[in-house]
Amino acid sequence: MSSTAVEAHELARPGLASMELSRGLLSGLVKDLEGEALFKTPCSGGNHAAWVMGHIAVSEDYFRSTISGTPSLFSEPWGKLFGINSECVADASKYPSKAELAEALERSRAAFVSWASGLDEAGLRKLLPENLKQFGPDVAGMIAKQAFHEGFHTGQVSVARRAQGMARLF
């Protein structure tokens, strides 16, 4: 468990530790994806690794900024490209570079962890707004669901890798 998770309130620790695990898996799966491999979908309607990277960054930021009432780290075009109900497209020219996506993941995660680690029990037990209730009853539950959300999409990257004949990593 990272030192940040250990320093966080006990209600946030399991979710933050799970987020650390899911990020390690995602990072491992995209590490060697370059060029076309980053934009290869496993099937019609599937998601490629570039979309997953952007979606996770934007999603974490959306939760943090919406619940905390602070500004988003990302521009409106990023929200449209990667936000909820966005659709993955095969055209690589529509997406930021892998380096930009990796940097977005780092920025979003750092902001999310900093915010979540600073919450006290009252902040973690704060009920989510109606439009976010599907992600948990309260902030602590949402942190754990965010880890699941990243893990779910990380599985899509694993399938996209295998569809390209790449070896299983985990």
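This text goes with the structure placed above it.
Residues numbered from 1 in each chain as written. Predicted model: local features only at pLDDT ≥ 70, side-chain atom pairs only at ≥ 80, totals over all residues. Heavy atoms only, no water.

J.: I'm lost on the layout of surface pockets in this one. Help?
T.: Empty pockets left among the atoms are what a rolling probe the size of a water molecule brings to light. As a volume, the largest pocket reaches approximately 280 Å³. Contributing to the lining of the largest pocket are 15 residues, with Ser59, Tyr62, Phe63, Ile84 and Phe135 lying nearest its centre. For the lining of the largest pocket, the element with the highest residue contribution is helix 3 (residues 49–68), accounting for six residues. (1 Å grid on protein atoms, 1.4 Å probe; cavity = no way out; pocket = protein on both sides within 12 Å on 5 of 7 lines; lining within 4 Å. Points joined across faces, edges and corners; volume = space filled by probe spheres on them. Helix = DSSP H or I, 4+ residues; strand = E, 2+ residues; numbered from the N terminus.)

J.: Whenever I open this one, the side chain of threonine 154 confuses me. Can you help?
T.: By the element assignment, threonine 154 lies in helix 7 (residues 139–163). Once residues within four sequence positions are removed from consideration, threonine 154 is found in contact with Ser22, Leu25, Leu26 and Leu29. (Contact = heavy atoms within 4.5 Å.)

J.: What exactly am I supposed to notice about the environment of serine 86 here?
T.: By the secondary structure assignment, serine 86 is in the loop between helix 4 (76–82) and helix 5 (98–117). Spatially, the C-alpha atoms of serine 86 and histidine 55 are 8.7 Å apart, while their sequence positions differ by 31 residues. Those residues in contact with serine 86 that sit more than four places away from it in its chain are Trp51, Lys80 and Leu81. Within the structure, serine 86 has its side chain in polar contact with the side chain of tryptophan 51 (distance 3.2 Å). Engagement of the side chain of serine 86 in a polar contact is seen with the backbone oxygen of glycine 83, the distance being 2.7 Å. (Polar contact = N/O pair within 3.5 Å; in protein donor to acceptor, adjacent residues only side chain to side chain.)

J.: Could you clarify how one ought to interpret the packing of aromatic side chains in this entry?
T.: The description of an aromatic ring pair rests on the distance of the ring centres and on the angle between the ring planes. Going through the model one piece at a time under the given rule, you end up with eight aromatic pairs. Taking the centre distance of 4.8 Å and the plane angle of 75 degrees together, the rings of phenylalanine 63 and phenylalanine 135 count as edge-to-face. Residue phenylalanine 63 is located in helix 3, and its partner phenylalanine 135 is located in the loop between helix 6 (121–124) and helix 7; the two are separated by 72 residues in the primary sequence. In this structure, phenylalanine 63 and phenylalanine 135 share a single accessibility class: buried. Consider the rings of phenylalanine 82 and tyrosine 95, whose centres lie 5.7 Å apart with planes at 45 degrees: the pair is tilted. Pair noted here: phenylalanine 82 is in helix 4 and tyrosine 95 is in the loop between helix 4 and helix 5, with a separation of 13 residues, a long-range link. The pair formed by phenylalanine 82 and tyrosine 95 is uniform in burial state, with each residue classed as buried. Aromatic rings pair up to connect Phe39, Phe74, Trp78, Phe82 and Tyr95 into one cluster. (Phe/Tyr/Trp six-rings, centres within 6.5 Å; stacked < 30°, edge-to-face > 60°. Buried < 20%, exposed > 50% of the residue type's maximum accessible area, 1.4 Å probe, protein only.)

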